[in-house]
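Spelled out from the first residue to the last, the chains are:
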Amino acid sequence: MYWVVKAEYVENFKIRVFFNDKIEGIVDLHEMVHHDHRSIVKELKDEKRFKKFKVEMDTIVWENGLDLAPEFLHDKVQR
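So, here is what we can say about the structure in this document. Computed from a predicted structure; not experimentally measured. (Residues numbered from 1 in each chain as written. Predicted model: local features only at pLDDT ≥ 70, side-chain atom pairs only at ≥ 80, totals over all residues. Heavy atoms only, no water.)

**Observations regarding the nonpolar core**
- Ranked by internal contacts, the top residues of the largest apolar core, which has 21 residues, are I15, L29, F50, I60 and W62.
- Elements supplying a minimum of two residues to this core: β1 (4-11), β2 (14-19), α1 (30-35) and β5 (59-62).
- Per element, the largest residue contribution to this core is three residues, and it comes from β2.
- Contact partners of I15, with chain neighbours within four places excluded, come to A7, E8, V10, G25, I26, V27, L29, F50, F53, I60 and W62. (Core = buried A, V, L, I, M, F, W, Y, C linked by side-chain atoms within 4.5 Å. Buried < 20%, exposed > 50% of the residue type's maximum accessible area, 1.4 Å probe, protein only. Helix = DSSP H or I, 4+ residues; strand = E, 2+ residues; numbered from the N terminus. Contact = heavy atoms within 4.5 Å.)

Below you can see the structure in the form of structure tokens.
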């Protein structure tokens with residue numbers, strides 16, 4: 001089981017994510033944010049809003065309540 005221990009914004013909808021299994025790398029969420037039609041995701045097209053995430057409940061959570069499964073993030077890591 002994976003969980004996020006730390007995350008920091010890099011640029012252009014990319015986040016450096018650090019996991020409990022010592023894996024770390026960049027997760028590029030640009031495509032997800034710009035092609036997902038759900039309103040909760042659309043709100044994050046504003047990069048200022050996108051940057052306002054925190055690590056909570058073992059994953060990344062945004063102010064609007066969106067969170068992504070740590071397994072999803074782990075699978076998307078570019079090392």
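There's more to say after this.
**Structural notes on the side chain of T59**
- Assignment of secondary structure puts T59 in strand β5.
- Assessed through its relative accessible area of 3%, T59 is described here as buried.
- Setting aside its immediate chain neighbours within four residues, T59 contacts V4, K54, D67, L68, A69, P70 and L73.

**Looking at the pairing of β1**
- Alignment of β1 against β2, held across six bridges, turns out to be antiparallel. Counterpart to K6 in the pairing with β2 is F18. (Pairing = 2+ DSSP bridges.)

**Things to note about the environment of W62**
- For W62, the position within the fold is in strand β5.
- Taking the C-alpha atoms as reference, W62 lies 15 Å from R38; in sequence the two are 24 residues apart.
- Discounting chain neighbours no more than four positions away, the residues touching W62 are I15, L29, L44, R49, F50, K52, F53 and L68.
- Within the structure, the side chain of W62 is placed 2.7 Å from the backbone oxygen of F50, a separation counted as a polar contact. (Polar contact = N/O pair within 3.5 Å; in protein donor to acceptor, adjacent residues only side chain to side chain.)

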